[in-house]
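Coordinate analysis (summary)
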Amino acid sequence: MASVVATLPLLGLRITAGPIELRGVTDDLLLPLAEVASAGIHDADFMPFSVAWSLTPPHEMPLTVAQYHWGQRARFSPARWSADFAVIYVGELVGSQGISTEDYLITRTGETGSWLARRYQGKGIGTAMRQVICAFAIDHLNAEQITSGAFTDNLASLAVSRKCGYTDNGQATKVRMGKRATLRRIVLEPANLVRYSHELTVEGLPEFRRSIGLDQPAVSRESE
Ligand SMILES: CC(C)(COP(=O)(O)OP(=O)(O)OC[C@H]1O[C@@H](n2cnc3c(N)ncnc32)[C@H](O)[C@@H]1OP(=O)(O)O)[C@@H](O)C(=O)NCCC(=O)NCCS
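Note that this is a predicted model, so its numbers are computed, not measured. (Residues numbered from 1 in each chain as written. Predicted model: local features only at pLDDT ≥ 70, side-chain atom pairs only at ≥ 80, totals over all residues. Heavy atoms only, no water.)

1. Quick look at the pattern of salt bridges
Filter applied, for reference: Only one rule defines a salt bridge in this text: a Lys or Arg side-chain nitrogen within 4 Å of an Asp or Glu carboxyl oxygen. For every residue, the accessible area obtained with a 1.4 Å probe (protein chains only) is divided by the maximum for its type, and the residue is called buried under 20%, exposed over 50%, and partly exposed between those limits.
Within the structure shown, the criterion is met by nine salt bridges. With its nearest N and O atoms 3.5 Å apart, the salt bridge here joins R14 to E21. According to the relative accessible area criterion, R14 is partly exposed, its value standing at 33%. A relative accessible area of 14% places E21 in the buried class. D27 is the salt-bridge partner of R73, the closest N and O atoms lying 2.9 Å from each other.

2. Some thoughts on helix α6 (residues 155–164)
Note the cut-off: Secondary structure counts use DSSP, requiring at least four H or I residues in a row for a helix and at least two E residues in a row for a strand, with both numbered from the N terminus. As used here, the arc is the angular range of directions from the helix axis to the C-beta atoms. In this description, contact between two residues means that some pair of their heavy atoms is separated by no more than 4.5 Å.
Those residues of α6 lying buried are S157, L158, V160, S161 and C164. All buried residues of α6 fall inside an arc of 155° around its axis, so they share one side. The exposed set on the far side of α6, more than 90 degrees from its buried face, consists of L155, A156 and R162. Structurally, α6 contributes buried residues whose contacts are with α5 (125–140), β6 (145–151) and β8 (179–188). Directly beyond the C-terminal end of α6, a positive phi value near 110° is found at G165.

3. Things to note about the packing of helix α2 (residues 27–38) against helix α3 (residues 61–75)
Heads up, the rule is: To obtain an axis, a line is fitted to C-alpha atoms, over the contacting stretch when the element is a helix, and the angle between two such axes runs from 0 to 180 degrees between their N-to-C directions. Every angle not falling under 35 degrees, over 145, or within 65 to 115 is termed oblique; those three ranges are roughly parallel, roughly antiparallel and roughly perpendicular. By the definition used in this description, the sense in which the near helix is turned from the far one sets the handedness, with an anticlockwise turn below a right angle giving left-handed and a clockwise turn giving right-handed. Residues were grouped as follows: Ala, Val, Leu, Ile, Met, Phe, Trp, Tyr, Cys and Pro as nonpolar; Asp, Glu, Lys and Arg as charged; and all remaining residues, including Gly, as polar.
With their axes 8 Å apart at the nearest point, α2 and α3 run at an angle of 130° to one another. On the basis of their axis angle, the class for α2 and α3 is oblique. Handedness of the crossing formed by α2 with α3: right-handed. Together, D27, L30, L31, L33, A34, A37 and S38 of α2 and M61, P62, V65, A66, H69, W70 and R73 of α3 make up the contact between the two elements. For the contact of α2 with α3, the class distribution of residues is 10 nonpolar, two polar and two charged.

4. A short note on unusual backbone geometry
In this model, V90 sits at a positive phi of 45°, which is unusual for a non-glycine residue. Locating V90 in the fold gives a position in the loop between β3 (80–89) and β4 (92–102). Positive phi values are uncommon outside glycine, yet D215 reaches one of about 60°. Inspection of the secondary structure puts D215 in the segment after α7 (205–211). The class for D215 is partly exposed, based on a relative accessible area of 45%.

5. With respect to the pairing of β4
Definition in use: Strand pairing is defined by DSSP finding a minimum of two bridges between the two strands.
The buried count for β4 comes to eight of 11 residues, which makes it a mostly enclosed element. For β3 and β4, the ladder comprises 10 bridges, and the chain directions are antiparallel. By the bridge assignment, R80 is partnered in β4 with E102. Two successive antiparallel strands, β3 and β4, enclose a turn made up of two residues, where V90 displays a positive phi of approximately 45°.

6. Focus: the nonpolar core
Quick note on the threshold: Note on terminology: a nonpolar core comprises buried Ala, Val, Leu, Ile, Met, Phe, Trp, Tyr and Cys residues joined through side-chain atoms within 4.5 Å.
Membership of the largest hydrophobic core comes to 64 residues, with the highest contact counts inside it found for L22, W81, F85, F136 and F208. Ranked by the residues each element gives to this core, the list is headed by α5, at 10 residues.

7. Looking at the site of the ligand
Formally: In this text, near means that some heavy atom of the residue lies within 4 Å of the molecule or strand in question. Counted as a polar contact is a pair of N or O atoms within 3.5 Å, where, for protein atoms, one must be capable of donating a hydrogen and the other of accepting one, and residues adjacent in sequence contribute only when both atoms are in side chains. Here the Shrake-Rupley method, with its probe set to 1.4 Å, supplies the accessible areas, and only the displayed protein chains count as covering residues.
In the region of the ligand, 21 residues are neighbours, and S114, G126, T127, N154 and K163 sit closest. Here S114 contributes a backbone N or O atom positioned 2.8 Å from a nitrogen atom of the ligand. Burial of the ligand by the protein chains amounts to 68% of its free accessible area of 950 Å². Of all the elements in the fold, those that place two or more residues in the shell around the ligand are β5 (109–116), α5 and α6. Class assignment for the residues of the shell around the ligand results in 10 nonpolar, nine polar and two charged.

Honestly, that's just the spatial picture; any functional story needs more than this.
Have a look at this one:
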């Protein structure tokens, strides 16, 4: 595994804060994540996602989840990356939290996204994991802005955003399940982050920072 982590440091990232751990999605976590997703993320008559992947039949979910993560790994570069984590709460895998971006070295902006299996919802875990990823991006990756979006009928997601300090940032018209739907855009300025009650500990940070283009050695004048 050491060589895989050296190749893609995202896989070696571990962010711990009290009972919460965000862990880079290594291959051994793909099947467990698929099983958690198949247990159900939302009611049958509600779709929180633009891509309705959560409706994948249980026997196809392992491939769907694996192909998503393998695809993100394959495309990972400083110009465009997505850091999706498995969320472990008190030792139990409960869902996923991610942040994705393009041209991060210039924009210093990332977009958060998340899901929890339904049986873990409504207990404050969604708020905690969002607070953790936002603190990670701001404190450890020098993010200057974090965005997110949720359909207007996704009241839990919008409540979590509000509780973390995001504010309104307009709206967008999207297609959801073949029909028009309004997405509320929200934005978090670092000063507005409502922090989680536990400090973050990050494993694998220097390697990950280098992999997204931060901390590159300065070009020596003599070699120009
Ligand atoms: C969005 C999600 C990650 C939130 O996680 P969670 O652990 O349930 O969230 P929390 O328990 O931390 O907080 C939920 C908040 O939403 C509020 N909420 C939940 N359902 C609500 C509803 N129908 N109306 C109004 N508020 C609601 C809760 O009251 C709570 O706020 P409070 O603590 O101030 O009372 C989770 O619900 C989820 O996975 N949903 C399905 C996938 C999804 O929507 N992902 C985001 C896509 S944008």
